[in-house]
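# An overview of the molecular structure
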Amino acid sequence: MIRIIDRTLVILEAFDLPELPLREIAELLFACGANFLEVTPTAYRQMEGMQGAQFILRIQNPEEARAYADCQDIKRFVCKSRADTALRVYPEITINDMRDFFTVERFRRCDRVRVCGLADCVLQPMNQAFQNLKSAFEGSIEFAADNDCYSATSLTLQWTMMGGMEVVTSFMGMGNMAAFEDVTRLLFYLKGRRSRSALNALRQLEVRLTSMLLASESA
Amino acid sequence: MKAARFITDITLLSFSKRIPPRERVEWAGKLDAIGVHEIVMGLSSRRELEACGQVIRRAQQAVYVPMDPVQLARALRSGVRSIHVEIPISYPMIYTVYRKNKDWARKTMCECRDMVAESGASPTLVLADASRAEPYFLESLVQLSEGMHIEKLIAKDLMGIQTLSACAELIGTLLSFGYELGYEGSDQFGLSVANTIQALRSGAAHANCCLGNVGGGCDLRRLLQTTARIFQYGIDRKGAEHLDRTFKQQYRGERLRERENSRPADCRLR
């Protein structure tokens, strides 16, 4: 099953919008087909206890995970370039070139890794690049392509077509990522992922978020 | 050394109804000035086509017509040297857009072929909805065009749900027909730039692009920005970026309306 990890809430938080309706957006994102939502500890505290929700908590230091060890709705923790298997903390690394031997070797044995970057894949023999990426790590890979070459959605789709199971997106591709709404629709059309009701929810989400962002822009 | 590729601009075609005729002529001149290889426009009045022909100095001027003998005859009489003929290549397109059947497609194709052969023109065949074409039907229609002096084939994706591997496969199939090849992506779901790059890398020589990401096609500025280090387009990149900005500023409201109208209902895709 293809799982979508959405990090819209992390990016919206950085916008510093007044009265951000986190719960409502989170509910819509789940209804649209996001499997996990990435959130910061601040946002998590506002949404704690949300029914059926599954979060991935973004932390700055693996030690922070101890404070949330008993939270059932936190699936795991993601931390930039640092891992701790015992605490369910996995690393987020940036690879722009598979020859970046140092980074690859350092995290090769992790049971899970989030790989960012990879924008240049579209300018290279892509199948080879993806095969190399898969064989470089022993654990699961969360694919989080950058949109530097305006190809993040395309690369994300191709990753799932080649058997990749976990992808990272954000609404409208905010934060230079694959667009959640496009990936969701494409996976529905090409892989039959989720039902038509998820697409209806997607339209609601688009209306809600677009109006919210436009209002904040004009303010 | 960078490989040579060519840009065919379809801004005036995709956005023709939103730009007044006089401005269309101005934009044709501006596009020519930045160095695009070909400028495609709709089949408008003879006067307008002639006015465009006068301002286009380096690029090739082309008109776009659907697979319709009446319109093709008009295009052949228009005096424009290059004609892009749209060939509906998938069953859904033949049945839903043209509301005809495969036999009609074959018959009309033969009719168009005879008209073109008689006139001595070298058309470009735009294989519309090529991403959903059945390989056998695709091949049979291209075979029917034997006898025409085809300048090039253009694979046109209409749905915008083509994956990178499917795009490479389609280009591989079309290259086997032995014609020069172009590609036109659709940006309904943000895949056009990646698919155009993939097509160019797989052997297509021409990329159909537009300014300001209008009409759902591949954005010229983005393509140049992404691939300038691997392909040589013979285009003034800074000029293209400036033109793109000007276009966006000038037609911002129109672009939003266009995008809203062009977004397909989800139910139509499946």
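Computed from a prediction, not measured in an experiment: that's the story for all the values here.

## What about the overall build of chain B?
Secondary structure summary: chain B contains 13 helices and 11 strands in total. Relative to the 2.2 N^0.38 estimate, which gives 18 Å for 270 residues, the radius of gyration of chain B is 17 Å and therefore close to what a compact globule would have. At a minimum sequence separation of 6, the contacts of chain B that also span at least 24 residues come to 71%. Total accessible area computed for chain B in this model is approximately 11,800 Å², and 48% of it derives from carbon and sulfur atoms. The centroid of the 38 positive side-chain charges in chain B is displaced by 5 Å from the centroid of its 31 negative side-chain charges.

## Focus: helix H2 (residues 21-34) of chain B
With 14 residues, H2 of chain B should reach 20 Å at 1.5 Å per residue; the first-to-last C-alpha distance of 21 Å fits that figure. Trailing H2 of chain B by a residue or two, Gly 35 of chain B shows a phi angle of about 100 degrees, which is positive.

## Considerations on the interface of chain B and chain A
If you look at the interface, chain B gives 27 residues, while chain A gives 25 residues. In this assembly, chain B packs against chain A so that about 2,200 Å² is buried in total across both faces, 57% of it on carbon and sulfur atoms. Our count for the contact surface shared by chain B and chain A stands at 1 salt bridge. Close ionic contact of Asp 120 of chain A with Arg 229 of chain B constitutes a salt bridge, the shortest N to O distance being 3.3 Å.

## Quick look at the nonpolar core
Residue and element names in this part refer to chain A. Within the largest apolar cluster, 167 residues are counted, with the highest numbers of intra-cluster contacts made by Phe 137 and Leu 205. Once you skip the residues sitting within four places of it in the chain, Phe 137 turns out to touch Ile 93, Ile 95, Val 104, Phe 107, Arg 108, Val 113 and Val 115. With 9 residues, the next largest nonpolar core counts Phe 36, Ile 56, Tyr 90 and Cys 116 among its residues.

## Side note on the packing of aromatic side chains
All names here are of chain A. Under the definition given, this model contains 17 aromatic pairs over all chains. Between Phe 143 and Trp 159 the ring centres are 4.7 Å apart and the planes differ by 10 degrees, which places this aromatic pair in the stacked class. Pair noted here: Phe 143 is in strand S7 (residues 140-145) and Trp 159 is in helix H6 (residues 152-161), with a separation of 16 residues, a long-range link. As far as burial versus exposure is concerned, Phe 143 and Trp 159 are alike and both buried.

## Looking at the pattern of salt bridges
For the coordinates displayed, the defined rule picks out 29 salt bridges over all chains. Its salt-bridge partner being Glu 142 of chain A, residue Arg 76 of chain A comes within 3.3 Å of it at the nearest N-O pair. You can see Arg 76 of chain A sitting in strand S4 (residues 74-80) and its partner Glu 142 of chain A sitting in strand S7, a full 66 residues away along the chain. Comparing Arg 76 of chain A with Glu 142 of chain A shows no difference in burial state: the two are buried. Across the pair Arg 46 of chain B and Glu 50 of chain B runs a salt bridge, and its minimum N-O distance is 3.5 Å. Remark: Glu 50 of chain B and Arg 46 of chain B occur in helix H3 (residues 46-55); sequence separation between them is 4 residues, near one turn of the helix. Residue classification places Glu 50 of chain B among the partly exposed positions, given a relative accessible area of 46%. Salt bridges here are not isolated pairs; linked through shared partners, they connect Arg 3, Arg 7, Glu 38, Arg 58, Arg 76, Lys 80, Glu 92, Arg 112, Arg 114, Glu 142 and Glu 166 of chain A.

## Considerations on the packing of helix H10 (residues 220-227) of chain B against helix H11 (residues 237-250) of chain B
All names here are of chain B. Axis separation between H10 and H11 bottoms out at 9 Å; the angle between their running directions is 150 degrees. Here H10 is positioned roughly antiparallel relative to H11, judged by the angle of their axes. Considering only the axes of H10 and H11, their crossing is left-handed. Along its contact with H10, which presents Leu 220, Arg 221, Leu 224 and Gln 225, the element H11 presents Arg 237, Ala 240, Glu 241, Asp 244 and Lys 248. Among the residues forming the contact of H10 with H11, the class breakdown is 3 nonpolar, 1 polar and 5 charged.

Calculation criteria
- Residues numbered from 1 in each chain as written.
- Chains lettered and ligands numbered in written order.
- Predicted model: local features only at pLDDT ≥ 70, side-chain atom pairs only at ≥ 80, totals over all residues.
- Heavy atoms only, no water.
- Helix = DSSP H or I, 4+ residues; strand = E, 2+ residues; numbered from the N terminus.
- Rg over C-alpha atoms; globule rule 2.2 N^0.38 Å.
- Contact = heavy atoms within 4.5 Å.
- Areas by Shrake-Rupley, 256 points an atom, 1.4 Å probe, with all protein chains shown as cover.
- Lys, Arg positive; Asp, Glu negative; His and termini not counted.
- Charge placed at Lys NZ, Arg CZ, Asp CG, Glu CD.
- Expected span 1.5 Å × (residues − 1).
- Buried area = accessible area lost by both parts, 1.4 Å probe.
- Salt bridge = Lys/Arg side-chain N within 4 Å of Asp/Glu carboxyl O.
- Core = buried A, V, L, I, M, F, W, Y, C linked by side-chain atoms within 4.5 Å.
- Buried < 20%, exposed > 50% of the residue type's maximum accessible area, 1.4 Å probe, protein only.
- Phe/Tyr/Trp six-rings, centres within 6.5 Å; stacked < 30°, edge-to-face > 60°.
- Axes fitted to C-alpha atoms, helices over the stretch in contact; angles between N-to-C directions.
- Parallel < 35°, antiparallel > 145°, perpendicular 65-115°, else oblique.
- Left-handed = near helix turned anticlockwise from the far one by under 90°.
- Nonpolar A, V, L, I, M, F, W, Y, C, P; charged D, E, K, R; others polar.

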